[in-house]
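Here is how the chains run, residue by residue.
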Amino acid sequence: MLYPFFKVLCQIIFLLTGGIKVYGKENILKKGPFVLIANHQSIIDPLVLMACLPGKITFLAASYLFKIPIVGLIIWAGGAIPINDPKGDFKHIQRALAKLEDGEAIGIFLEGGVSLDGKLKEFMPGWAYFALKSGAPIIPVAISGSRKVLPVGHYLLRPGKIAVNIGEPILMDKKTRIRSSDLKKLSESMEEVVFRLLYQLERKQV
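Thresholds applied
- Residues numbered from 1 in each chain as written.
- Predicted model: local features only at pLDDT ≥ 70, side-chain atom pairs only at ≥ 80, totals over all residues.
- Heavy atoms only, no water.
- Helix = DSSP H or I, 4+ residues; strand = E, 2+ residues; numbered from the N terminus.
- Core = buried A, V, L, I, M, F, W, Y, C linked by side-chain atoms within 4.5 Å.
- Buried < 20%, exposed > 50% of the residue type's maximum accessible area, 1.4 Å probe, protein only.
- Contact = heavy atoms within 4.5 Å.
- Axes fitted to C-alpha atoms, helices over the stretch in contact; angles between N-to-C directions.
- Parallel < 35°, antiparallel > 145°, perpendicular 65-115°, else oblique.
- Lys, Arg positive; Asp, Glu negative; His and termini not counted.
- Salt bridge = Lys/Arg side-chain N within 4 Å of Asp/Glu carboxyl O.
- Polar contact = N/O pair within 3.5 Å; in protein donor to acceptor, adjacent residues only side chain to side chain.
- Phe/Tyr/Trp six-rings, centres within 6.5 Å; stacked < 30°, edge-to-face > 60°.
- Lys NZ or Arg CZ within 6 Å of the ring centre and 35° of its normal.
- 1 Å grid on protein atoms, 1.4 Å probe; cavity = no way out; pocket = protein on both sides within 12 Å on 5 of 7 lines; lining within 4 Å.
- Points joined across faces, edges and corners; volume = space filled by probe spheres on them.
- Nonpolar A, V, L, I, M, F, W, Y, C, P; charged D, E, K, R; others polar.

A. Structural detail: the environment of L171. Looking at where L171 falls in the secondary structure, it is placed in the loop between strand 7 (162-166) and helix 7 (180-204). Taking the C-alpha atoms as reference, L171 lies 4.5 Å from P137; in sequence the two are 34 residues apart.

Shown next as structure tokens:
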């Protein structure tokens, strides 16, 4: 499997650019399925989390990322699932749910795209379907500094320190019937959680 190889490659890359500081690493569950959710500051964010988090996480990544040199190759080799695919997302949704049913972890960036100014954007509520449908715990994560290492519109890495703050697991109840109001309510509550984790990172770096 290529995931371990590219995991080490990402670790080397970010060691050379300035390193990744991880807070709350003990909050990552040792086994069982979970839905990891994170903010999105740069297209390298999946690689950042691949480098610093234990185990294998299958990321749901925007389909355009697969076309970007190096980034696309690494997320493809890591088994990422494309979303916003012109061919339709249903099969990809089913594939992600199957991962959770098999006891694996999936990772989702909640803002629907990279933040252009680094500030947290409103979350797209569709992600919550995976947590509610599967009943898998949610692991909230905040990323800071990746935007400086690879700003929006650039493709050459720059020196800079990246920080990741992992929140405590949030247990979920499995739902057989999911309403749009359920998605919105959960997404809004997690927006507050990720905002707080991001604020904590900014305070640590002052």
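Having put the structure on the table, let's press on.
B. Summary view of the nonpolar core. In terms of nonpolar packing, the biggest core is built from 39 residues, with L36, L49 and V141 touching the most fellow members. Among the elements of the structure, helix 1 (3-17), strand 2 (34-38), helix 2 (45-52), strand 3 (57-62), helix 3 (71-77), strand 5 (105-109), strand 6 (138-144) and strand 7 are those that each provide at least two residues to this core. With 6 residues, the top contributor of residues to this core is helix 2. If we skip the residues at most four places from it in the chain, L49 touches L36, A38, F59, F109, V141, I143 and V164.

C. Just the packing of helix 1 against helix 2, in detail. Where helix 1 contacts helix 2, the two axes come as close as 8 Å, and the packing angle between them is 105 degrees. Taken together, helix 1 and helix 2 sit at an angle that is classed as roughly perpendicular. Packed against helix 1, whose contacting residues are Y3, F6, K7, C10, Q11 and F14, the element helix 2 presents L47, V48, M50 and A51 at the interface.

D. Spotlight on the side chain of E111. Take E111: it is sitting in the loop between strand 5 and helix 5 (128-134). For the buried residue E111, which engages in no salt bridge, the nearest side chain bearing the opposite charge is K121, 5.7 Å off. Polar contacts involving the side chain of E111 include one to the main-chain amide nitrogen of H40, which spans 2.5 Å. Separated by 2.7 Å, the side chain of E111 and the backbone nitrogen of K121 make a polar contact. Those residues in contact with E111 that lie beyond four places of it in its chain are N39, H40, K119, L120, K121, E122, F123 and M124.

E. Summary view of the packing of aromatic side chains. Taken as a whole and judged by the stated rule, the model has 3 aromatic pairs. Taking the centre distance of 5.1 Å and the plane angle of 80 degrees together, the rings of F5 and F6 count as edge-to-face. The exposed category is assigned to F5, whose relative accessible area is 52%. Here F59 and F109 contribute two aromatic rings whose centre-to-centre distance is 5.9 Å and whose plane-to-plane angle is 15 degrees, an arrangement assigned as stacked. You can see F59 sitting in strand 3 and its partner F109 sitting in strand 5, a full 50 residues away along the chain. Judged on exposure class, the residue F59 and its partner F109 are both buried. A cation over a ring is seen here: K21 above Y23, with NZ or CZ 5.6 Å from the ring centre.

F. Region of interest: empty space enclosed by the protein. Applying the stated criterion to the full structure yields 1 cavity of 30 Å³ or more. Here the largest cavity defines a volume of roughly 30 Å³. If you trace the largest cavity, you find it lined by Y3, M50, I57, F59, I75, G78 and A80. Tallied by class, residues from the lining of the largest cavity come to 6 nonpolar, 1 polar and no charged.

The values are spatial; any link to function lies outside them.
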